[in-house]
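Coordinate inspection notes
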Amino acid sequence: MKGPELKKNQLLRELPSVDKLLLALPDSVAEYGAQAVTQAARKVLQQARDSILQDTPLDSSSAALKLRIASQLIDEAQPSLKPVFNLTGTVLHTNLGRAIMPLSAVDAIVTVATQYSNLEFDLATGKRGDRETHVEQLICELTGAEAATVVNNNAAAVLLVLNTLAMNKEVPVSRGELVEIGGSFRIPEVMQRANCTLVEVGATNRTHLKDYREAINEHTALLMKVHTSNYRVEGFTKEVTETELSQLSSEFDIPFVMDLGSGSLVDFAKLGLPAEPTAAWTLERGADLITFSGDKLLGGPQSGLIAGRKDLIDKIKKNPLKRALRLDKMTLAGIAEVLKLYRDPDSLLQKLPTLRHLTRNQADIRDQALRILPALSQVLGDTYQVTVTDSTSQVGSGSLPTETLSSASLSISPVSGSDEALKSLAAQLRQLDRPIIGRIHRGALLLDLRCLDDEDALLSQLKLFAL
Ligand SMILES: *Cc1c(COP(=O)(O)O)cnc(C)c1O
């Protein structure tokens, strides 16, 4: 063996054993348990060995090893799923968790999660009850529907409706409404998985009532309309209205189903927001069933709501797939509390974070940006220029795709004008304990403050930031 090899071997031999490290870390063992500390020690020792073999030895004194084990344990104890500051300007950001919940809903979730409950127990009779009694009446009250049911998300709602009412049968849908939501949910593919045959009618830009009429035959199960929630067909266009489709479906004695996607329960126009069909409006226009998400405009937990005719809802509840798609007690508790907020429209905007964020006015957001500006400029120093600018926020999650909301942002641009500097700043902000997520737009990193509730938390996070 030559000198360098001998040296390496000696360094390897000098590394302490896992057991020895464990004995030297009694506090960590007490806090995290022997198994976790053993794993962390193995990992750190392996790094040390690799570093020696690659001729780039790390400090392998026992103090250094102990420190690295402790920091490994701290990292591993962090939850992988953690809060971020959503400063993207997109209120319902699917990648950032969509709707955030009101505290009353969170309290209700904690209560049922930590205690036994009457989830499926009828307290009047002492017999088995139905978990949906806790929400069905509320959904009916707020939508005007006869009956309702809930599942895991709106994709599940559409799948279940189609599988229940159209298995081995045909469903005509307008070519202009063959929606894809976020890559994995596409109407044609859902149809296939629900075991029904999609019959495309009309053209991408124009579909007429007679197109549907010509598609109907003895195999037709229902008529379906899909809210084009994440795009608009503009220009020379024609779509068939809910009322017309409802009349046509009655003529052939088949149901008319509308997938609303976001499905609001309040009139957005009255809130000064871009109009969106409400659940009640769609049922009034004659839809026999509607499906919509619980965590889009509704502002609740991830769920899918199905509302409409009782005979159809009864069939849906009996489908064995329903069991596979049913909601857990925590979501049921959350959605019930969110729905209750809709009973008092006057306090709704304050209590429901989604609507509060959507309706925040630009002046208010701009004032907030001006309050944060000095702290941000200070931590970013001379390399970046920070200003307050007008910006546009979006509703998000495919809701109201072409409409934007006037907002205000802190705009950060590198004095050097370099794209790399901008990207690296964005990356550094993502590495914070509570990551700050903005968006890069025209050579600047924009931090849109529409969704910032906790200004103090952002300020303390900024204090810890060092370039
Ligand atoms: C969002 C959306 C869906 C899917 O809803 P999830 O709750 O995300 O499962 C289905 N259809 C339409 C029209 C949508 O907008």
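1. A closer look at the overall build of the protein
Tallying secondary structure elements over the protein gives 20 helices and 16 strands in all. When its C-alpha atoms are laid out on the principal axes, the protein stretches across 90 × 55 × 50 Å. Out of the 467 residues belonging to the protein, those deemed buried represent 47%. When contacts within the protein are restricted to residue pairs at least 6 apart in sequence, long-range pairs at least 24 apart make up 74% of them. For the protein, the distance from the average position of its 51 positive side-chain charges to the average position of its 57 negative side-chain charges is 4 Å.

2. A word on the domain arrangement of the protein
Split into domains, the protein comes out as domain 1 (3-77), domain 2 (85-93 + 358-466) and domain 3 (103-351). Computed over C-alpha atoms, the centres of domain 2 and domain 3 are 35 Å apart.

3. A few points about a nonpolar patch on the surface
Together, Leu 103, Val 106 and Val 110 line one region of the surface with nonpolar side chains, adding up to about 260 Å² of accessible area. Among the residues examined, Leu 103 registers a relative accessible area of 65% and is labelled exposed.

4. Looking at the packing of helix α6 (residues 103-114) against helix α15 (residues 329-341)
Contact geometry of α6 with α15 gives a least axis separation of 8 Å together with a crossing angle of 150°. Classified by the interaxial angle, the pair formed by α6 and α15 is roughly antiparallel. Regarding α6 and α15, the two cross each other, and that crossing is right-handed. Contacts between α6 and α15 involve Ser 104, Ala 105, Ala 108, Ile 109, Val 112 and Ala 113 from the former and Lys 329, Met 330, Ala 333, Gly 334, Glu 337, Val 338 and Leu 341 from the latter. Grouping the amino acids of the contact of α6 with α15 by side-chain chemistry returns nine nonpolar, two polar and two charged.

5. Remarks on the sheet that holds strand β15 (residues 439-441)
Pairing within the open sheet is mixed, and its five strands lie in the order β2-β12-β13-β16-β15. Strand pairing shows two members of the sheet lacking a second neighbour, β2 (90-92) and β15, which therefore form its edges. Each neighbouring strand pair of the sheet contributes to a mean axis angle of 40°, computed without reference to strand direction. Strand direction decides the pairing type here: β2 and strand β12 (residues 384-396), joined by two bridges, are parallel. If you follow Leu 92 over to β12, its bridge partner there is Gly 396.

6. What about the pattern of salt bridges?
Taken as a whole and assessed by the stated rule, the structure comprises 22 salt bridges. The closest approach of N and O atoms between Arg 175 and Glu 200, which form a salt bridge, is 2.9 Å. Here Glu 200 lies in strand β7 (residues 197-201) and Arg 175 lies in the loop between β4 (170-174) and β5 (180-181), a separation of 25 residues in the sequence. Look at Glu 200 and you get partly exposed, because its relative accessible area is 37%. Across the pair Asp 390 and Arg 366 runs a salt bridge whose closest N-O atoms are separated by 3.3 Å. Here the residue Asp 390 occupies a position in strand β12, and Arg 366 occupies one in helix α18 (residues 362-380), the gap between them amounting to 24 residues. Residue class for Arg 366 comes out partly exposed when judged on its relative accessible area of 31%. Three or more residues are tied together by salt bridges with common partners; here these are Glu 120, Arg 128, Arg 131 and Arg 326.

7. Quick notes on the sheet that holds strand β10 (residues 289-293)
Pairing is mixed across the open sheet formed by five strands, whose spatial order is β3-β11-β10-β9-β8. Sheet topology places β3 (147-151) and β8 (223-226) at the edges, where each strand pairs with a single neighbour. Averaged over all adjacent pairs, the angle separating strand axes in this sheet is 15°, with direction ignored. The strands touched by helix α13 (residues 310-318) within the sheet are β3, β10 and β11 (304-308), with β3 carrying the most contacts at an inclination of about 30°.

8. Regarding the side chain of Ser 347
Structurally, Ser 347 is set in helix α16 (residues 345-351). Side-chain polar atoms of Ser 347 contact the side chain of Asp 344, separated by 2.8 Å.

9. Focus on the side chain of Thr 228
Relative to the elements of secondary structure, Thr 228 occurs in the loop between β8 and α11 (242-251). Residues within four places of Thr 228 in sequence aside, it is in contact with Gly 176, Glu 177 and Val 179.

10. Observations regarding the pairing of β10
Buried residues dominate β10, accounting for five of its five residues. Across the two faces of β10 the burial is the same, with Leu 289, Thr 291 and Ser 293 and Ile 290 and Phe 292 all buried. Note: strand β9 (residues 256-261) against β10, four bridges, orientation parallel. Within the sheet, the bridge partner assigned to Asp 259 lies in β10 and is Thr 291. Handedness of the crossover joining β9 and β10 through helix α12 (residues 279-284): right-handed. Across five bridges, the pairing between β10 and β11 is antiparallel. Looking across to β11, one finds that Phe 292 is bridged to Leu 305.

Each value, and the rule that gives it
Residues numbered from 1 in each chain as written. Predicted model: local features only at pLDDT ≥ 70, side-chain atom pairs only at ≥ 80, totals over all residues. Heavy atoms only, no water. Helix = DSSP H or I, 4+ residues; strand = E, 2+ residues; numbered from the N terminus. Buried < 20%, exposed > 50% of the residue type's maximum accessible area, 1.4 Å probe, protein only. Contact = heavy atoms within 4.5 Å. Lys, Arg positive; Asp, Glu negative; His and termini not counted. Charge placed at Lys NZ, Arg CZ, Asp CG, Glu CD. Domains from an automatic or database assignment. Patch = residues over 30% accessible without salt bridge, like charges linked within 9 Å, V, L, I, M, F, W, Y side chains within 5 Å. Areas by Shrake-Rupley, 256 points an atom, 1.4 Å probe, with all protein chains shown as cover. Salt bridge = Lys/Arg side-chain N within 4 Å of Asp/Glu carboxyl O. Axes fitted to C-alpha atoms, helices over the stretch in contact; angles between N-to-C directions. Parallel < 35°, antiparallel > 145°, perpendicular 65-115°, else oblique. Left-handed = near helix turned anticlockwise from the far one by under 90°. Nonpolar A, V, L, I, M, F, W, Y, C, P; charged D, E, K, R; others polar. Pairing = 2+ DSSP bridges. Polar contact = N/O pair within 3.5 Å; in protein donor to acceptor, adjacent residues only side chain to side chain. Right-handed = clockwise from strand over helix to strand, strands pointing away.

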